[in-house]
Every structure is written in C-alpha cells, then in structure tokens.
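Observations on chain architecture
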Amino acid sequence: MTEAAAEPGRAHRPGALRTTALRAGTRPWERATAAARRIPRLPSPVWDSLLPVLLLLNAATTPAPRQPVQTVALTAALALPLLWRRRAPLAVFGAVVAAALVQWLLDVQLPADIAVLVALYTLAAHSDRRTTLLAGAVVQAGVLLACLRWAPDGAFLTPFVAVTAMTAAAAVLGMNVRTTRAYLAAVEERAAHLEREQEQQARLAVAEERARITREMHDIVTHNLSVMVALADAAGYARQRSPERADAAMRQISETGRQALTDMRRSLGVLRADEPDAERHPLPGIAQLDSLAEQMSAAGLPTRLEVRGGHGHLPATAQLTVYRLVQEALTNALKHTPAGTRATVRIGCSAGTVTVDVTDTGPRPSASASAAPSGHGVPGMRERSAAYGGTLRAGPLPGGGWAVRTRLLLDSAGAVSA
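Residues numbered from 1 in each chain as written. Predicted model: local features only at pLDDT ≥ 70, side-chain atom pairs only at ≥ 80, totals over all residues. Heavy atoms only, no water.

**Digging into the overall build of the chain**
When helices and strands are tallied, the chain shows 16 helices and five strands. Looking at the 418 residues of the chain, the share that counts as buried comes to 35%. Of all intrachain contacts in the chain linking residues separated by at least 6 positions in sequence, the fraction that spans at least 24 positions is 68%. Carbon and sulfur atoms make up 61% of the accessible area of the chain, which totals about 24,900 Å². (Helix = DSSP H or I, 4+ residues; strand = E, 2+ residues; numbered from the N terminus. Buried < 20%, exposed > 50% of the residue type's maximum accessible area, 1.4 Å probe, protein only. Contact = heavy atoms within 4.5 Å. Areas by Shrake-Rupley, 256 points an atom, 1.4 Å probe, with all protein chains shown as cover.)

Printed below as a string of structure tokens:
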C-alpha cells in the first residue's frame, strides 16, 4: 500500500502528491542515495582492515618469481601498519615509508606500494597543511627513486607523471576531508550555540511574560479589591441612615467585581487560543480613565481628570501603561489617605511623549508611608515606566499630599511590553 493510499486525506491536499513523489525518490540517483543510506555502515576497524587483508592475501596467493617469504614480509610491513592509521597517522606514515625504503633497497616491486598513498591520505586528513606538504615531498622523492630504478628504458616520464598525479590526488583528498570535517564541526558548534541562545531567549521571554502577567494581576486585583473594600465600608456605614446610598454602594461593588473578572479574563485570555473575550474586550487605555475616575470617586476618592492633547495616535500598549500607572497611583491614594482626600490626574499627550501626573491632597500616615515602598505597587510602576524610557518619581509634595510623575518616550527602543 502506498503512502497516498494509506492516508487518503493527504492525497487531496495541494502538493501532497508531489511531496509523496519526492519522498519516494523519483530520480535514479535519489533512489540510489536513499538505498545507500539504508545499508548498515561497518565499523572503522573493519574498513581499516580490509586493505591489509586483501594485500596479504594477494601476496600469499600470487606466485612470486623469487623469495616468496621476503615478498610476504615486505607486504606485511607495508600493509599491517594501516590498521592503526586513524589512531596514529604520523607514526603509521613513517612506518610505511620506512618499509617502502627497505623495499627499494632490496629491489622488490610490490602491489602493496599503494599503502604509501593510503598513509599519505590519512595523514593529510588528520594533520595540518605543513605536515601534509612535508609528507607529500617525502612520497614524491620516493616516486622519483622508484621511477629511476624500475621505469622501462626510455619511458621514465609516463610512470613518473602518473604516480605523481596519484600522490597529489591522495594529498588533496585528505586535505579536503580535513577541511570538510572542520567545517562540519564549526557548523555543529554554531548550531549548538544558536540552540543555547534560543533557549536563553525563550527563558527570558517566559520570564518577561510572567512578570507582565504578574503586574497585570497585581494592578487588577489590588485596585478592584481596594475599591470593593471601600464601597463595602461605605455601604455598612450608610445602611441605617441612608439605605439608598447603601444600595448604590452594593451595586457598585457588584459592578466592580464583574469588571475585575472581565479584566482578569482579558489578561489571562491571551494564554488560551480558544478564549474569545480577549478579542471582544479591548485593552483599557486613556479613553477609559473617565470611568476609572468615576469609580474612584464612588469609592470615596473624588478624582478630577485632565487630558491635554489627542491620544488617538498612541499605541495600545502605551495607553495600557498610562492606564495602569494612573490606576495604581489612585489605588495607593485610596488605601493610604484619610477620608476627604481629593486626587487630580493630568495626562499630557504629544507626538513622541506622554506625561502622567497623579497628585492627591491627603498626607499618608507615617507607618503606611514607610511601608508602602516595600510592596509591589511602586516597583511595578517603575518597571512599566522604564519600559518606555521613563523615570518614575513618587513621593510627598512640599505643601502636603503625594505625587506620582513620569514621562513615557513613545519612540524609546526599550518599549517592549506594557
């Protein structure tokens, strides 16, 4: 059964038949390559032992014109060192060259002389260029001596050129193998480095997203719970004297709770692909500051809002940052100031910057003022402001009250997240 028949649905997709054909290997050389890859590879010691065994068998089975023992011994001296050519290429090359020199001195011609070329190839594949050139010069000197002794009369040039070409080919092939191996090692190292870098970037992205969600949850939960607590206290205080105001406060508590659930679902909905609320409810921005000011006024902190300049061109993330900064500053004022405190929010929008200025008229108690910096509110506001190249200043005013001021740079390179 073919792949298309085994999976009928895939054959009807565009390009499925072409992909199946490519996988099957439509060209002969592709099929041959795929078949060669399926052949199990022999271990390196087995490959290294094939040539010595063949040379020894040839020397032992081929009738020698004279001194067969000497022929087998010289063949063994030339071939057996090749068993260790990958472990010690330089030592094996020296041993093979020495055996070839003894062979030349004894005036014996052997087919095992090919071991010299194999040793030169292995040395070139495992050594630097200088060592390879020196080894090639040694082999070339041996080629010259061999041709001077054994070349037929008047036919010196032909065997000399042929054997010289084989020597050069062995050296060049070995150097190419060494270069390819070094290149592959560099590519693997670079791939490993890129993989480690991607893992680090992924961890940083996860940490940044975790910090962003933490800031969002802190702002949403702290603000809405503070408003709900203030409204609940007001409802309990007005229950006997003004039931209408108590009912209005309870309705405001219910509305604040629903808004908190919506904000949490919107912030966490981006983590789920099947969550539609994140798309139905846009992120809060400067346009929603009016509702925030009304909510704080209903909770017992009369808030006046002033927005200068148009904000329609501001990015959604920048507007979310402004909203969260104002929300956190007003929540701190609601929690740490006495009754009767009033707050003023001033937002200035321009082409490249947004200024945020939140002040209140009520001094904070000394204990709360000293304890406030230990929480996550002010550090969270500093992180949001720093994401847009701003420096947040939060502290008491000379004439009384508290101020939170910052300026966001919309074209800042550090603006990565709200």
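**Comments concerning the packing of aromatic side chains**
Going through the model one piece at a time under the given rule, you end up with one aromatic pair. Aromatic pair Phe-156 and Phe-160: ring centres 5.3 Å apart, planes at 20°, arrangement stacked. Cation over ring: Arg-149 sits above Trp-104, and NZ or CZ is 4.1 Å from the ring centre. (Phe/Tyr/Trp six-rings, centres within 6.5 Å; stacked < 30°, edge-to-face > 60°. Lys NZ or Arg CZ within 6 Å of the ring centre and 35° of its normal.)

**Remarks on the pattern of salt bridges**
For the coordinates displayed, the defined rule picks out three salt bridges. Here Arg-304 and Glu-306 are joined by a salt bridge, their closest N and O atoms 2.0 Å apart. Arg-304 gets classed as partly exposed once you look at its relative accessible area, which sits at 42%. Given a relative accessible area of 24%, Glu-306 falls into the partly exposed group. Connected through salt bridges with shared partners, the residues Arg-304, Glu-306 and Arg-346 form a single ionic network. (Salt bridge = Lys/Arg side-chain N within 4 Å of Asp/Glu carboxyl O.)

**So, the environment of Thr-321**
The residue Thr-321 is located in helix H14 (residues 316-336) in this model. Separated by 66 residues in sequence, Thr-321 and Ala-387 place their C-alpha atoms 9.3 Å apart.

**What to know about the sheet that holds strand E2 (residues 343-349)**
Strand order in the open sheet made by the five strands is E1-E2-E3-E5-E4, with mixed pairing throughout. The open sheet has two edge strands, strand E1 (303-308) and strand E4 (393-396), and neither has a second partner. Across this sheet, the average inter-strand angle for adjacent strands is 10°, counted without regard to direction. Note that E2 and strand E3 (residues 353-360) share seven bridges and pair antiparallel. In the sheet register, Arg-346 faces E3, and the bridge partner there is Asp-357. (Pairing = 2+ DSSP bridges. Axes fitted to C-alpha atoms, helices over the stretch in contact; angles between N-to-C directions.)

**Here we look at the layout of surface pockets**
To find leftover empty space, one rolls a probe the size of a water molecule over the atoms. As a volume, the largest pocket reaches approximately 670 Å³. Contributions of two or more residues to the lining of the largest pocket are made by helix H7 (89-105), helix H8 (114-126), helix H9 (129-150) and helix H10 (157-238). Residue composition of the lining of the largest pocket, by class: 18 nonpolar, four polar and one charged. (1 Å grid on protein atoms, 1.4 Å probe; cavity = no way out; pocket = protein on both sides within 12 Å on 5 of 7 lines; lining within 4 Å. Points joined across faces, edges and corners; volume = space filled by probe spheres on them. Nonpolar A, V, L, I, M, F, W, Y, C, P; charged D, E, K, R; others polar.)

**Regarding H8**
Between its first and last C-alpha, H8 extends 19 Å over 13 residues, near the 18 Å set by a 1.5 Å rise per residue. For H8, every residue scored as buried is listed here: Ala-115, Val-116, Leu-117, Val-118, Ala-119, Leu-120, Thr-122, Leu-123, Ala-124 and Ala-125. (Expected span 1.5 Å × (residues − 1).)

**Quick word on the nonpolar core**
The nonpolar side chains of a soluble globular protein tend to be buried with one another. With 36 residues, the main nonpolar core has Leu-289, Val-322, Val-326, Leu-330, Ile-347 and Val-358 as its most contacted residues. Those elements giving two or more residues to this core turn out to be H10, helix H13 (289-298), H14, E2, E3, helix H16 (377-386) and strand E5 (402-409). At nine residues, H14 tops the list of elements feeding residues into this core. Each residue touching Val-322, except ones within four places of it in the same chain, is listed here: Ile-286, Leu-289, Ile-347, Val-354, Val-356 and Leu-408. (Core = buried A, V, L, I, M, F, W, Y, C linked by side-chain atoms within 4.5 Å.)

**So, the packing of H8 against H10**
With their axes 7 Å apart at the nearest point, H8 and H10 run at an angle of 30° to one another. Between H8 and H10, the angle is such that the two are roughly parallel. Note on packing geometry: the crossing formed by H8 with H10 is right-handed. Residues Leu-117, Leu-120, Tyr-121, Ala-124, Ala-125 and His-126 of H8 lie in contact with H10, whose contacting residues are Met-166, Thr-167, Ala-170, Ala-171, Leu-173, Gly-174, Met-175, Val-177, Arg-178 and Arg-181. For the contact of H8 with H10, a count of residues per class yields eleven nonpolar, three polar and two charged. (Parallel < 35°, antiparallel > 145°, perpendicular 65-115°, else oblique. Left-handed = near helix turned anticlockwise from the far one by under 90°.)

**Some thoughts on a nonpolar patch on the surface**
A cluster of nonpolar side chains, Leu-144, Leu-145, Leu-148, Phe-156, Leu-157 and Val-161, forms an exposed patch at the surface whose accessible area comes to about 530 Å². Among the secondary structure elements, those contributing two or more residues to the nonpolar patch are H9 and H10. Along the polypeptide, Phe-156 turns up in the loop between H9 and H10. (Patch = residues over 30% accessible without salt bridge, like charges linked within 9 Å, V, L, I, M, F, W, Y side chains within 5 Å.)

**Overview of the pairing of E5**
For a regular strand, side chains alternate in direction, first toward one face of the sheet and then toward the other. Two elements, E3 and E5, share eight bridges in a ladder whose sense is antiparallel. Residue pairing for E5: Asp-357 is matched across the bridge by Arg-405. Of the pairings in the sheet, the one linking E4 to E5 comprises four bridges and is antiparallel in character. When the bridges of E5 are listed, Pro-396 appears paired with Trp-402. Hairpin connection from E4 to E5: five residues lie between these consecutive antiparallel strands, with Gly-400 at a positive phi of about 105°.

**A look at the confidence of the model for the chain**
Put simply, the chain has an average pLDDT of 77, and 78% of its residues get 70 or more. Within the chain, the lowest mean pLDDT, 39, falls on helix H1 (residues 3-6), and the highest, 93, falls on E2. Predicted confidence is poor over residues 367-374, with pLDDT under 50, and the contacts of this stretch with residues over four places away or in other chains come to four contacts. Predicted confidence is poor over residues 413-418, with pLDDT under 50, and the contacts of this stretch with residues over four places away or in other chains come to 14 contacts. (pLDDT = per-residue confidence, 0-100.)

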